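# Examining the three-dimensional arrangement
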Amino acid sequence: MTIRIAPSLLSADFSRLAGEVRDVQAAGADLIHLDIMDGCFVPNLTFGPPLVASLAPHCEIPLDAHLMVVDPDALLPALAAAGVARIAVHAEACTHLHRTLSAIRSHGISPGVAINPATPLVFALEAVPWVDFILVMSVNPGFGGQELIEESVSRIERLRAAARAPGLDITVDGGVTCMVAPSLVAAGATTLVAGSAIFGAHDRGRAIAELRESVRQGEDA
Ligand code: DX5
Ligand code: ZN
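Quick caveat, the model's predicted, so the values are computed rather than measured. (Residues numbered from 1 in each chain as written. Chains lettered and ligands numbered in written order. Predicted model: local features only at pLDDT ≥ 70, side-chain atom pairs only at ≥ 80, totals over all residues. Heavy atoms only, no water.)

Ligand 1 sits among 20 residues. The nearest are Gly142, Gly145, Asp173, Gly195 and Ser196. Interatomic distance of 3.4 Å between a side-chain N/O atom of histidine 33 and an oxygen atom of ligand 1. Contact between ligand 1 and serine 196: an oxygen atom at 2.6 Å from a side-chain N or O atom of the residue. Relative to its unbound accessible area of 380 Å², ligand 1 is 100% covered by the protein chains. Elements with a minimum of two residues in the shell around ligand 1: strand E2 (32–37), strand E3 (63–68) and strand E8 (191–194). When residues in the shell around ligand 1 are grouped by element, the largest group, three residues, is from E2. Residues that form the shell around ligand 1 fall into these classes: eight nonpolar, ten polar and two charged. (Near = heavy atom within 4 Å. Polar contact = N/O pair within 3.5 Å; in protein donor to acceptor, adjacent residues only side chain to side chain. Areas by Shrake-Rupley, 256 points an atom, 1.4 Å probe, with all protein chains shown as cover. Helix = DSSP H or I, 4+ residues; strand = E, 2+ residues; numbered from the N terminus. Nonpolar A, V, L, I, M, F, W, Y, C, P; charged D, E, K, R; others polar.)

Moving on, we come to the packing of aromatic side chains. In total, this model carries one aromatic pair according to the counting rule given. On the basis of an interplanar angle of 55 degrees and a centroid distance of 6.1 Å, the ring pair of phenylalanine 14 and phenylalanine 47 is categorised as tilted. Remark: phenylalanine 47 occurs in the loop between E2 and helix H2 (49–55) and phenylalanine 14 occurs in the loop between strand E1 (4–7) and helix H1 (17–26); sequence separation between them is 33 residues. The class for phenylalanine 47 is buried, based on a relative accessible area of 10%. The ring of phenylalanine 133 carries the charged tip of arginine 86 above its face, separated from the ring centre by 3.6 Å. (Phe/Tyr/Trp six-rings, centres within 6.5 Å; stacked < 30°, edge-to-face > 60°. Buried < 20%, exposed > 50% of the residue type's maximum accessible area, 1.4 Å probe, protein only. Lys NZ or Arg CZ within 6 Å of the ring centre and 35° of its normal.)

This next bit is on unusual backbone geometry. At arginine 164, a position not held by glycine, the phi torsion is positive, near 50 degrees. Checked against the element boundaries, arginine 164 lands in the loop between helix H6 (151–163) and strand E7 (169–173).

With that settled, consider the coordination of the zinc ion (ligand 2). Taken together, His33 (NE2), Asp35 (OD), His66 (ND1) and Asp173 (OD) make up the full set of protein donors to the zinc ion (ligand 2), lying 2.0 to 2.3 Å away. Here the donor residues of the zinc ion (ligand 2) share one chain and are spaced in sequence as H-x1-D-x30-H-x106-D. (Donors = N, O, S within 2.8 Å, 3.2 Å for Na, K, Ca; no water.)

Everything listed here is a matter of geometry and, on its own, says nothing about what the molecule does.
See below:
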């Protein structure tokens, strides 16, 4: 099983983002995870499409946008123009989820549905026919460096079993470290978002390699 590692720029040094992108790319990242927050859906503000567009020329690997905003539809055209490969929208934020996911697909972007830790799994399961991935929040969204909520492992396990979609990517986001990665992957996660575990490490290459190695050892065990 190939597991993808997506460093979250939320924990990068914001004064030198292009360099941070190049650093984790050289370190073996598979995707660059972009946490777009509006200060309303979550109690934090980050950046929007103009910054994504200015980073895109520095990225050779796919850009993975995670929209923690109350009005994701408003951002889609500009994110499409910036060249993102994937967009996850929160089920809790979308009144017309099918419409929003279809709009993402119509821009040629891979759509995903994100759910908060206390959101019933059925919110994501209903959307399986319309998405390429489900993003399972394993912390309450808004901030990096939080501890994984332990029930996330069984949520992923139940989601994987209920989705009945072998090609579906399940991305887990929040509190991912070498300690928890093996159980997340055993439960059915296929993409690991990690912010502080990678950007907080002095040697990002080593941090990514250790995450991959922890998962491999978990599979052999
Ligand atoms: C939280 C974000 C995450 C966050 C993960 O709202 O969606 O992507 O950056 O950071 P860590 O890995 O530090 O929990
Ligand atoms: Zn995220």
